[in-house]
Structure formats: C-alpha cells, structure tokens
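Structure assessment
Okay, here's what each chain looks like letter by letter:
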Amino acid sequence: MPLLIRNADLITADSRSRADLYVEDETITRIGQHLDAPPGTEIIDATGKLVFPGFIDPHVHLYLPFMSTFAKDTHETGSIAALVGGTTTYIEMCCPNRHNDALEGYHLWKSKAQGASACDFSFHMAVTRFEEQTEGQLREIVKDGIASFKIFLAYKNFFGVDDDEMYQTLRLAKQLGVIVTAHCENAELVGRLQASLLAEGKTGPEWHEPSRPESVEAEGTHRFATFLENTGAAGYVVHLSCEGALQAAIAAKRRGTRLWVESVLPHFLLDRTYAERPGVEGMKHVMSPPLRDKRHQRLLWDALAAGLIDTVGTDHCPFDTAQKLLGAEAFTQIPNGIPGIEERVNLLYTYGVKRGTLDLHRFVDAASTKAAKLFGLFPRKGTIAVGSDADLVIYDPDYRGVVSAKTQHTNCDYSGFEGFELEGRPSVVTVRGKVQVRDGVFVGERGRGRLLRREATY
Ligand code: URP
Ligand code: ZN
Ligand code: ZN
C-alpha cells in the first residue's frame, strides 16, 4: 500500500525542510508540498514530529558463540528491539572463530538472519586466521555483497589474529577495495595482565578494566593505523573507548591514513564504577574495551560533535544474569558484552541532542548517514531522498520515559542502562515503506528483512 507522510519536518545529515513525502513500492518517490495521493494510500500526519532517515547500527552481535556460551538474541528478537528503537538496518559481526571454517561460518551466520530479521541487515566478515584457502573464501564472500572485514587484535587463540595475519588481511582488503574494521587491543598484554591480577587473587569484575588499560587500547589503535599506512588499506576502529586510543586515531587521520572511528553507546554513558558494583551487578557491565574512568566521556562527546568520532554503534551483545555468573570465580570468564540495540538512538538523542552536546544533523550523520557512506549503503540507506529506500523514523521529541528491562524487547533479563531517562522515541518506524513499529510496539512483519548487497568501493 502506498504511504503519504504529511507535514514532515525532514531532517538529514545536512538539511532540514518541511514537506510531504510519498512512498511507493518500498521507495521514496516524491518529496514536495501538498502532495496528493490515490485512494487506498495510508496517510500519516507528522505534525509536531521529526522525520529522520532510518538509523543504522554498524556494530551488533546477535548470533554469537563466545566465551563458552551464546549471546541471547536471535535475529527475530534483536531486529524487533532494533526497530522499536528506530534502527532499521544493522551490520552484524559474522564471527566464526579461529578453529572454524570461514566460508561455512559465513553461510551459518546468513542462515540465522535470513527469514528471521524484521529489518534489513548486512555483515562485517571476521577474518580470524589467514591461511591458504582464506583468500579464495574471502573473495567469494565479497562477491556475495559483503564489502567489509573484521579483525580482532584481542581474544588471542579465539578471534584474534597476529600481526602477520593482520598484514595479509589488509593487503587483500586493499586489492579488493574492502574496508577493514578492527577491535584494537594488545592481546599479549591483556593475557599477561589478566594472569598477574588473578595470581594476586584479584578475581572480581572491577579488575576487568585494569587488565585492559588505556595504553593497551592505544597501542592496538596505533598498530592498526600503522599497518593501514603500510598496506594502503582503509580501516575503521570499532568501539574506541578512551583518550589514548582517540589520540592515536586522530594522529593517524592527520597523517592522511584512511581511518575512521566508531565509539559505542556504553562508553558515552557508563563509566568504570558500573563494573565496580558488587557481584553480578558489576559483571553485567563487563565489555571490551572496558568501561573507563568518567573523564573519557566528555572527550568522546566532544570528538563526536567535532566529527573526529565518525559513527556511534552499540556493540550490542546480550548475555543474561546466569551467563554473566559464569565469571563469578574469575573476571576473565565473564562473557563480555552489554546490550544496547534498542536504546542507542533514544539515548543519543536525549543525552546528545537534548543536552546540547550534539547538533541534530551530526546526530543523524553519526547514527545513520556516515555508516551508510562508509559501508556502501548510501544513498539507498542513510538519507531521505527520492529513490532511497523508505526507511523512516517519525520521531516524537515530546515522549518521556525511562529505560527498563521490564519493557525492553531485547532477549535479556537486564539493561545496562536501567533507569536512564528518555526524552524522545520513535512514533512510527518504516522499513522499505512498511510500518513496522508504532509507539514502542512492533506491529509489522517478522522476517521481512533483506540481506543488503554492498559493493567494494575503497
Ligand atoms: O565486550 C564486547 N565488546 N563483546 C563483544 C565482542 C567484541 O569484542 O566486540
Ligand atoms: Zn570487539
Ligand atoms: Zn563487537
């Protein structure tokens, strides 16, 4: 059914205008004044609301075997949570580990998402070892429309690659025109620091941060940038959390390295005291890189406002209370990750735009447009234009609420952001012209999401 949105206050990364917007066959076909519509058209009056392009989360984990367990969401639950929160596309980390076959892993991840996700999706393909058949397999995966890789400099012997494997991955990425995303922490140092803390009887979640200090992330970031410079590949640092790593990334950008930066929701709003809470409450806030000292948050917000941090993702990775308790005896066994796919847009709007830190257009850019551009989805996604997919968020800036595990759609029994105030939420969310959400309720079609083909452009 065609859709007409009347009186829309259209906000993109670089423009604001008032117009009507007409959608046919999944696509925006007209933007203009006083548009007419044939009988049978669904009409939504957007007076008093803001209309944004569908938001894009460039870093999520839904299907994830990790740390002796599995992340709790499926693509069904995770995509509904995403949509309720205004995210209409996500890019999942496809993470077969070092002992798995990459191509088999890719097909497995695809099978988990297809027919299950209610919103559109793609993958960053993790390269967790590099051997004879890897190049051929990666070429095949890129041909299938996956235009980005993922490497981990952390998680030795599981996801982690050594420097030679990083080099080979980046060299191939350069040949293929693919961007490489990277988790930047020094695996050797993390392993040594973990072992010495445990040997001193320091087993609680409060020791997770000291086992992966700022310098460990700064080194990983600097090393990744150095390898980019020497291979000519394009790169993207994921979940950058602290000043030292930010300085390393900014210095590389200034040297002309093709490097972009993502920070994730927890690092803007939560600090290390959350992981220092007694018992399982602390464990619920264990992720890597870890939650840092509060002083880093101001630096991240400022860098985001200035465009030095390019995107905001979530690193959504839900493990429930029972799973977190796997680490009751040793912080090194706590499954790493905090959910956030549902809260990202609303918390960024509330604590960024409403608190005056983030310009409305930079907000759209960081939460949607920039990821679309970096990962080969623009202008199909990430903007409001004739010809773009009709992924739209009609946003109610007058909504007031509070984050609560009781009302969330994510399949997890806690929220890392419990009690955070919300000043705004999506009123209507469409995916390719179909209304999927109304006022916090999923009203759409499950399994409607498509795997998005992305071209290699670097
Ligand atoms: O703690 C985290 N970030 N868990 C998910 C895996 C990763 O490193 O992205
Ligand atoms: Zn990571
Ligand atoms: Zn991650």
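A brief look at the structure comes next. Nothing here was measured: the structure is a model prediction, and the numbers come from that model.

For the zinc ion (ligand 3), every protein donor is listed as H59 (NE2), H61 (NE2) and D315 (OD), and the spread of their distances is 2.0 to 2.2 Å. Around the zinc ion (ligand 3) sit 4 donor atoms; with metal-centred angles ranging over 87 to 140°, the donor geometry is irregular. When the donor residues of the zinc ion (ligand 3) are listed from N- to C-terminus, their spacing reads H-x1-H-x253-D. A separation of 3.8 Å is found between the zinc ion (ligand 3) and the zinc ion (ligand 2). One end of the pair, H61, is in the loop between β6 (55-60) and β7 (65-66); the other, D315, is in the loop between β15 (311-313) and α13 (321-324), and 254 residues separate them in sequence. With relative accessibility at 6%, the residue H61 sits in the buried group.

All right, on to the packing of helix α14 (residues 344-354) against helix α15 (residues 360-374) then. Direction vectors running N to C along α14 and α15 enclose 150°, while the axes themselves pass 11 Å from each other. When the axis of α14 is compared with that of α15, the two are roughly antiparallel. For α14 against α15, the interelement crossing comes out right-handed. On α15, the residues that touch R344, V345, L348, Y349 and V353 of α14 are L360, F363 and A367. Class assignment for the residues of the contact of α14 with α15 results in 7 nonpolar, no polar and 1 charged.

This next bit is on the pairing of strand β2 (residues 16-24). In this structure, strand β1 (residues 3-11) lies alongside β2, joined through 7 bridges in antiparallel fashion. Looking at β2, one finds that A8 is bridged to A19. Connecting the antiparallel pair β1 and β2 is a turn made up of 4 residues. Hairpin connection of β2 to strand β3 (residues 27-32): 2 residues between the antiparallel strands, including D25 at a positive phi of 45°.

What counts as what
- Residues numbered from 1 in each chain as written.
- Chains lettered and ligands numbered in written order.
- Predicted model: local features only at pLDDT ≥ 70, side-chain atom pairs only at ≥ 80, totals over all residues.
- Heavy atoms only, no water.
- Donors = N, O, S within 2.8 Å, 3.2 Å for Na, K, Ca; no water.
- Tetrahedral: all angles 85-135°; square planar, octahedral: opposite > 155°, others 65-115°.
- Helix = DSSP H or I, 4+ residues; strand = E, 2+ residues; numbered from the N terminus.
- Buried < 20%, exposed > 50% of the residue type's maximum accessible area, 1.4 Å probe, protein only.
- Axes fitted to C-alpha atoms, helices over the stretch in contact; angles between N-to-C directions.
- Parallel < 35°, antiparallel > 145°, perpendicular 65-115°, else oblique.
- Left-handed = near helix turned anticlockwise from the far one by under 90°.
- Contact = heavy atoms within 4.5 Å.
- Nonpolar A, V, L, I, M, F, W, Y, C, P; charged D, E, K, R; others polar.
- Pairing = 2+ DSSP bridges.

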